[in-house]
Amino acid sequence: MQADSNAPADPACTGGLPGAALGGPVSHAVSRVARLHRMTAGRLLKGLGLYPGQEFLMMHLWDNGAVRQAELIKAMDLDPSTVTKMLQRLEQAGHVRRRPDPGDRRAVLVEATERSCALRAEVRDAWSGLEEHTLADLDAAERAELIRLLAKVEQNLCHQAGDCPGG
């Protein structure tokens, strides 16, 4: 039996863009890559006992020391309830500690624990592995060009959003 040539193609087999994305092939590609990158990172982080996004919170604490929870919420650019849930899980795992801010008892300071030091090295190793997996078939020049182009795309997007780092 022959396939009906007038029947719509199976979208899973065409490899083309969805009709609504025809005007934005780069945006579609960036979205697909970001989704796959996040999924791969999530698998690596799961092996460390972390949920996606928690590593960014920990990176902020490792680099900045104790910070007010409100400052952490702003730096993460997430809903306060999301950050609170992240902190609860990280606190239960022994990676962060929350305590009253001695300068303002209404505020809460969040800090990485000594126990999280081992996690820091594991996160660094996971991100190094993710980097190599992500860029496996790119030579040094292609990697540099990708970084340059992504920085330009990021600038375009942050200007559009009015949310550029440092301004």
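Our structure is the block above this text.
If you're wondering where the values come from, they're calculated on a predicted model, not measured in any experiment.

Asks: What is the right way to look at the overall build of the protein in this model?
Replies: Across its full length, the protein carries seven helices and three strands. Reading the secondary structure of the protein in the N-to-C direction produces α-α-α-β-α-α-β-β-α-α. Here the protein holds 167 residues, and 25% of them are scored as buried. A separation of at least 24 residues holds for 46% of the contacts in the protein among residues at least 6 apart in sequence. Counting every atom, the protein has about 11900 Å² of accessible surface; 55% of that belongs to carbon and sulfur.

Asks: Even after reading the chapter, I still don't get the pairing of strand E3 (residues 104–112), so can you show me in this structure?
Replies: In regular strands, side chains alternate between the two faces of the sheet. Direction of pairing for strand E1 (residues 67–68) relative to E3: antiparallel, over a ladder of two bridges. Across the sheet, residue Arg68 finds its bridge partner in E3, namely Leu109. Pairing geometry for strand E2 (residues 96–101) and E3, over six bridges, is antiparallel. Within E3, the position partnered with Arg97 by the bridge is Glu111. Hairpin connection, E2 to E3: the antiparallel pair is bridged by two residues.

Asks: When you look at the packing of aromatic side chains in this model, what are you seeing that I'm missing?
Replies: One pair of aromatic rings is described through two measures. These are the centre distance and the angle between the planes. All told, the structure shown has one aromatic pair when counted by the stated rule. With centroids separated by 5.7 Å and ring planes inclined at 65°, the aromatic side chains of Phe56 and Trp127 adopt a geometry described as edge-to-face. Of this pair, Phe56 sits in helix H3 (residues 54–64) while Trp127 sits in helix H6 (residues 116–134); the two residues are 71 residues apart in sequence, bridging distant segments of the chain. Residue Phe56 is classed as partly exposed on the basis of its relative accessible area, which comes to 41%.

Asks: Explain the sheet that holds E1 here, please?
Replies: To summarise the sheet geometry, strands pair through backbone hydrogen bonds and adopt either a parallel or an antiparallel arrangement. Sheet architecture is open: three strands sit in the order E1-E3-E2, paired in antiparallel fashion. Single-partner strands in this sheet number two, and they are E1 and E2.

Asks: Where do I start with the environment of Val30 in this structure?
Replies: With respect to the element layout, Val30 can be found in helix H2 (residues 25–46). Remark: the alpha-carbon pair of Val30 and Leu150, spanning 120 residues in sequence, is separated by 9.9 Å.

Asks: I tried to follow H3 on my own but got confused; where do I start?
Replies: Each α-helix turn comprises 3.6 residues. Residues three or four places apart therefore point the same way. Along H3, the positions that sit buried rather than exposed are Gln54, Glu55, Leu57, Met58, His60, Leu61 and Trp62. One or two steps after H3, the chain reaches Gly65, where phi turns positive at roughly 75°.

Asks: Please clarify how the pattern of salt bridges should be interpreted in this entry.
Replies: Between side chains of opposite charge, pairing is possible as soon as their charged atoms come close. Tallying each qualifying case throughout the model produces eight salt bridges. Between Asp104 and Arg106 there is a salt bridge; the shortest N-O distance is 3.1 Å. For Arg106, a relative accessible area of 77% gives the class exposed. Between Glu145 and Arg148 there is a salt bridge; the shortest N-O distance is 2.7 Å. Here Glu145 pairs with Arg148, and both are found in helix H7 (residues 140–161), just three residues apart, close to one helical turn. Within the structure, one salt-bridge network assembled from shared partners comprises Arg97, Arg99 and Glu111.

Conventions and cut-offs
Residues numbered from 1 in each chain as written. Predicted model: local features only at pLDDT ≥ 70, side-chain atom pairs only at ≥ 80, totals over all residues. Heavy atoms only, no water. Helix = DSSP H or I, 4+ residues; strand = E, 2+ residues; numbered from the N terminus. Buried < 20%, exposed > 50% of the residue type's maximum accessible area, 1.4 Å probe, protein only. Contact = heavy atoms within 4.5 Å. Areas by Shrake-Rupley, 256 points an atom, 1.4 Å probe, with all protein chains shown as cover. Pairing = 2+ DSSP bridges. Phe/Tyr/Trp six-rings, centres within 6.5 Å; stacked < 30°, edge-to-face > 60°. Salt bridge = Lys/Arg side-chain N within 4 Å of Asp/Glu carboxyl O.

Such coordinate-based values are descriptive only and should not be taken to indicate function.
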